[in-house]
Amino acid sequence: MAQQRKHTTTRGFSRAASLMQKRIRGASEARGFAVTRLLTHWAEIVGEETARIAHPVKVGYGQGGLGATLSILTTGAQAPMLEMQKDQIRDKVNAVYGYRAISRVRITQTAPTGFAEGRVAFDHKPKAKAAPDPDALAKAEVLSSDVASDDLRVALRTLAANVLTKRKRQEKAD
């Protein structure tokens, strides 16, 4: 008698997260992270402001296995601020673990560009774009007015305004 096949909604496909879970856990444990959640949810754990200036590098366990040390990577300019927040960071991380897993926080400083292994990626504010010159917008409107396609006309108008504004800035610089 044939066994009935279990009905699934995935139709033979697996989620990418489930396929990669074992590899991610292995790589993170090799770097000292027993719980990958500290890496994946760092901004939620310590807050956006702290996450912008610091990243977890390693959780090192001592000889007895109790009371791990969390190493955080930051730039030299931000290190004094983080030094004052060590207790709060430790408490927030321990709240995620559910017990006093981290007993010490160590801050490691590096240059803003970082090293190959421990590169600090900072979230810089995007540069504000300068508004196109009104004269350039008017010329761009005239140049693109006889294009039939709306999408193409808008694209050409934007391109023309950018080129004309750039030329005007270069002329002022010369």
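These numbers come from a predicted model, not from an experiment. (Residues numbered from 1 in each chain as written. Predicted model: local features only at pLDDT ≥ 70, side-chain atom pairs only at ≥ 80, totals over all residues. Heavy atoms only, no water.)

Asks: What am I meant to see in the overall build of the protein chain here?
Replies: When helices and strands are counted, the protein chain shows eight helices and three strands. Counted from the first residue to the last, the protein chain has its helices and strands arranged as α-α-α-α-β-β-α-α-β-α-α. Within the span of the protein chain, comprising 174 residues, buried residues form 25% of the whole. In the protein chain, of all internal contacts separated by at least 6 residues, the share reaching a separation of at least 24 is 55%. Just so you have it, the protein chain exposes about 13,400 Å², and 54% of that area is on carbon and sulfur atoms. (Helix = DSSP H or I, 4+ residues; strand = E, 2+ residues; numbered from the N terminus. Buried < 20%, exposed > 50% of the residue type's maximum accessible area, 1.4 Å probe, protein only. Contact = heavy atoms within 4.5 Å. Areas by Shrake-Rupley, 256 points an atom, 1.4 Å probe, with all protein chains shown as cover.)

Asks: Would you take a moment to explain the side chain of Arg 153 for this structure?
Replies: When you line up the elements, Arg 153 lands in helix α8 (residues 150-173). A polar contact of 2.3 Å, which involves the side chain of Arg 153, links it to the side chain of Asp 150. Setting aside chain neighbours within four positions, we find Arg 153 in contact with Ser 144, Ser 145, Val 147 and Ala 148. (Polar contact = N/O pair within 3.5 Å; in protein donor to acceptor, adjacent residues only side chain to side chain.)

Asks: Mind showing me how you'd approach the nonpolar core here?
Replies: The nonpolar side chains of soluble globular proteins are, as a tendency, buried together. Counting 20 residues, the largest nonpolar core has Leu 38, Trp 42, Leu 70, Ile 72, Ile 89, Val 93 and Ile 102 as its most contacted members. Of all elements in the fold, only α3 (42-46), α4 (48-53), β1 (54-60), β2 (68-75), α5 (79-84), α6 (86-97) and β3 (102-110) reach the threshold of two or more residues within this core. (Core = buried A, V, L, I, M, F, W, Y, C linked by side-chain atoms within 4.5 Å.)

Asks: Any chance you could explain a nonpolar patch on the surface here in plain terms?
Replies: A cluster of nonpolar side chains, namely Leu 152, Leu 156, Leu 159 and Val 163, defines an oily patch on the protein surface of about 320 Å² accessible area. With respect to the element layout, Val 163 can be found in helix α8. Under the relative-accessibility criterion, Val 163 is labelled partly exposed at 36%. (Patch = residues over 30% accessible without salt bridge, like charges linked within 9 Å, V, L, I, M, F, W, Y side chains within 5 Å. Salt bridge = Lys/Arg side-chain N within 4 Å of Asp/Glu carboxyl O.)

Asks: Hey, could you run me through the pattern of salt bridges in this one?
Replies: Oppositely charged side chains can form a pair if their charged atoms are brought close together. For the structure shown, the criterion picks out five salt bridges. Linking Lys 86 and Glu 83 is a salt bridge whose minimum nitrogen-to-oxygen distance equals 2.9 Å. Since its relative accessible area comes to 23%, Lys 86 is described here as partly exposed. Here Arg 153 ties to Asp 150 by a salt bridge, and the two come within 2.3 Å at their closest N and O atoms.

Asks: For this particular structure, what's the right way to read the confidence of the model for the protein chain?
Replies: In low-pLDDT segments, the atomic positions of the prediction should not be examined closely. Across the protein chain, the average pLDDT comes to 76, with 67% of residues at 70 or higher. Taken element by element, the protein chain is modelled with least confidence in helix α1 (residues 16-30), mean pLDDT 61, and with most confidence in α5, mean pLDDT 90. (pLDDT = per-residue confidence, 0-100.)

Asks: Quick question: what am I supposed to make of the sheet that holds β3 here?
Replies: Pairing between the strands of a sheet comes from backbone hydrogen bonds, and it takes one of two forms, parallel or antiparallel. What the three strands build is an open sheet, ordered β1-β2-β3; its pairing is mixed. Since the sheet does not close on itself, it has two edges, and those belong to β1 and β3, each with one partner. Each strand of the sheet is rotated relative to its neighbour by a mean of 25°, with strand direction disregarded. Of the pairings in the sheet, the one linking β1 to β2 comprises six bridges and is antiparallel in character. Pairing of Lys 58 across the sheet is with Ser 71, part of β2. (Pairing = 2+ DSSP bridges. Axes fitted to C-alpha atoms, helices over the stretch in contact; angles between N-to-C directions.)

Asks: Just checking my understanding: could you explain helix α7 (residues 134-144) for this structure?
Replies: Think of an α-helix as turning once every 3.6 residues; residues three or four places apart then point the same way. Regarding α7, the residues found buried are Ala 136, Ala 140 and Ser 144. Each buried residue of α7 lies within a common arc of 60° when the element is viewed along its axis, so the set occupies one face. Facing away from the buried surface of α7 by more than 90 degrees, the exposed residues are Pro 134, Lys 139 and Val 142. Where α7 is buried, its residues contact α8. (Arc of directions from axis to C-beta.)

Asks: How should the packing of α7 against α8 be read in this particular structure?
Replies: Packed helices, taken two at a time, are described by the angle their axes make and the gap between the axes. Between α7 and α8, the shortest axis-to-axis distance is 8 Å and the interhelical angle comes to 140°. By the angle between their axes, α7 is oblique relative to α8. Regarding α7 and α8, the two cross each other, and that crossing is right-handed. Here Asp 135, Ala 136, Leu 137, Lys 139, Ala 140, Glu 141, Leu 143 and Ser 144 of α7 lie close against α8, whose contacting residues are Arg 153, Leu 156, Arg 157, Ala 160, Ala 161, Leu 164, Thr 165 and Lys 168. Considered class by class, the residues forming the contact of α7 with α8 number eight nonpolar, two polar and six charged. (Parallel < 35°, antiparallel > 145°, perpendicular 65-115°, else oblique. Left-handed = near helix turned anticlockwise from the far one by under 90°. Nonpolar A, V, L, I, M, F, W, Y, C, P; charged D, E, K, R; others polar.)

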